[in-house]
Amino acid sequence: MSSPASIPPIAALHWVKPPRQVRSQKTLERVLDAAEELIGERGVTALTVSEVVRRAGSSVGAFYARFPDKDALLSTLHERSCDEALATAELALEPARWRNRDLGTAVSEIVRFTVALCQERRGVLLAFIALAASDAAYAERRARLETQIASLLHRFLEGRDGEFSHRDAKTASAVAIRMLLGAAEYGALIQRVPGKEMELSDERVSAELSRAVLAYLGAAVSEGRVTR
């Protein structure tokens, strides 16, 4: 059994933004970044083309050369957000990252990161939830993302045979991801209520949600245990 002192620390999880090399692509990224910032600050209904291009250091003409309207901008922003979310999930669920860490520790850290991330990106997250309620394209992208992340969790669990007792790892992965994302998104939603005093801290929610996911998988709850 390896001692904790001999195990290197796990690198911090973070939101992944794939690098962009082409200059025109970088210009587009500035526009999307500006739109994302504005939505986070003021909400999607307050988003205007003039404010987006001003913050991006671009022009209205350049904007309309790329997008026919604001709806097209939002759709492209959602596509990018889903791509980044998938890249972030790939980072978080990379089996090598959790080598020598037990399943309970890995799940606890991933849940904590997910809850914190949903709070950090609350503005755009709520905007996309609202758009998905009225536009099937957003709902389809969100459903596809959930399926892709569930596949990543399934791959991760396949290398953890013996650490959980659920007999159908594929179904368990799909339901566990729905539990996690649904709870984290709901947490971001209720924090939007003005004057709402939260009875549970994010840290407490993360700890209890980790327990729920691990219990569903049939895995032991653990904090920091290392393995061979």
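For the structure itself, look to the data block above.
Now for a quick tour of the structure. None of these values were measured; they are calculated from a predicted model.

1. Digging into helix 7 (residues 136-158)
Moving on, step 1. In this model, helix 7 (23 residues) spans 33 Å end to end at C-alpha, consistent with the 33 Å of a helix rising 1.5 Å per residue.
Moving on, step 2. Where helix 7 is concerned, the buried positions are Y138, R141, L145, E146, I149, A150, L152, L153, F156 and L157.
Moving on, step 3. In this structure, the buried residues of helix 7 make contact with helix 4 (70-92), helix 5 (103-120), helix 6 (122-134), helix 8 (169-190) and helix 9 (202-217).
Moving on, step 4. One side-chain oxygen at the N-terminal end of helix 7 lies 2.9 Å from the backbone nitrogen of A137; it belongs to D135.

2. Looking at the packing of aromatic side chains
Moving on, step 1. As enumerated under the stated definition, the model contains 2 aromatic pairs in all.
Moving on, step 2. On the numbers, 5.2 Å between centres and 85° between planes, the contact of F63 with Y64 is edge-to-face.
Moving on, step 3. On the numbers, 5.2 Å between centres and 45° between planes, the contact of F63 with F67 is tilted. F67 carries the same exposure label as F63, and that label is buried.
Moving on, step 4. Three or more aromatic residues link up through ring pairs in this structure, and these residues are F63, Y64 and F67.
Moving on, step 5. Against the face of W15 rests R121, its NZ or CZ located 3.9 Å from the ring centre.
Moving on, step 6. Positioned above the aromatic ring of Y138, the side-chain terminus of R141 is 4.9 Å from the ring centre.

3. Structural notes on the pattern of salt bridges
Where charged atoms of side chains with opposite charge meet at close range, the side chains can pair.
Moving on, step 1. Going through the model one piece at a time under the given rule, you end up with 20 salt bridges.
Moving on, step 2. For E146, the salt bridge identified is with R178, shortest N-O distance 2.8 Å. Placement of E146 in helix 7 and of R178 in helix 8 is noted, with a sequence separation of 32 residues between them.
Moving on, step 3. On the basis of relative accessible area, R178 is assigned to the exposed category, the value being 57%.
Moving on, step 4. When the shortest N-O distance is used, the salt bridge between E208 and R204 registers 3.5 Å. In this pair, E208 and R204 both sit in helix 9, 4 residues apart, roughly one turn of the helix.
Moving on, step 5. A relative accessible area of 40% places E208 in the partly exposed class.

4. Examining the layout of surface pockets
Moving on, step 1. Approximately 740 Å³ is the volume found for the largest pocket.
Moving on, step 2. Around the largest pocket, the lining comprises 35 residues; the ones closest to its centre are A85, T114, L145, I149 and L181.

5. Observations regarding the packing of helix 8 against helix 9
Moving on, step 1. Contact pair helix 8 / helix 9: the axes reach a minimum separation of 10 Å and the direction vectors enclose 165°. Viewed along their axes, helix 8 and helix 9 adopt a mutual orientation that is roughly antiparallel. The interaxial crossing formed by helix 8 with helix 9 has right-handed handedness. Listed contacts from helix 9 to T171, A172, V175, A176, M179, L180 and A183 of helix 8 are L209, A212, V213, Y216 and L217.

6. Description of the side chain of E36
Moving on, step 1. Along the chain, E36 turns up in helix 1 (residues 23-42).
Moving on, step 2. Within the structure, the side chain of E36 is placed 3.3 Å from the side chain of R121, a separation counted as a polar contact.

Criteria and cut-off values
Residues numbered from 1 in each chain as written. Predicted model: local features only at pLDDT ≥ 70, side-chain atom pairs only at ≥ 80, totals over all residues. Heavy atoms only, no water. Helix = DSSP H or I, 4+ residues; strand = E, 2+ residues; numbered from the N terminus. Expected span 1.5 Å × (residues − 1). Buried < 20%, exposed > 50% of the residue type's maximum accessible area, 1.4 Å probe, protein only. Contact = heavy atoms within 4.5 Å. Polar contact = N/O pair within 3.5 Å; in protein donor to acceptor, adjacent residues only side chain to side chain. Phe/Tyr/Trp six-rings, centres within 6.5 Å; stacked < 30°, edge-to-face > 60°. Lys NZ or Arg CZ within 6 Å of the ring centre and 35° of its normal. Salt bridge = Lys/Arg side-chain N within 4 Å of Asp/Glu carboxyl O. 1 Å grid on protein atoms, 1.4 Å probe; cavity = no way out; pocket = protein on both sides within 12 Å on 5 of 7 lines; lining within 4 Å. Points joined across faces, edges and corners; volume = space filled by probe spheres on them. Axes fitted to C-alpha atoms, helices over the stretch in contact; angles between N-to-C directions. Parallel < 35°, antiparallel > 145°, perpendicular 65-115°, else oblique. Left-handed = near helix turned anticlockwise from the far one by under 90°.

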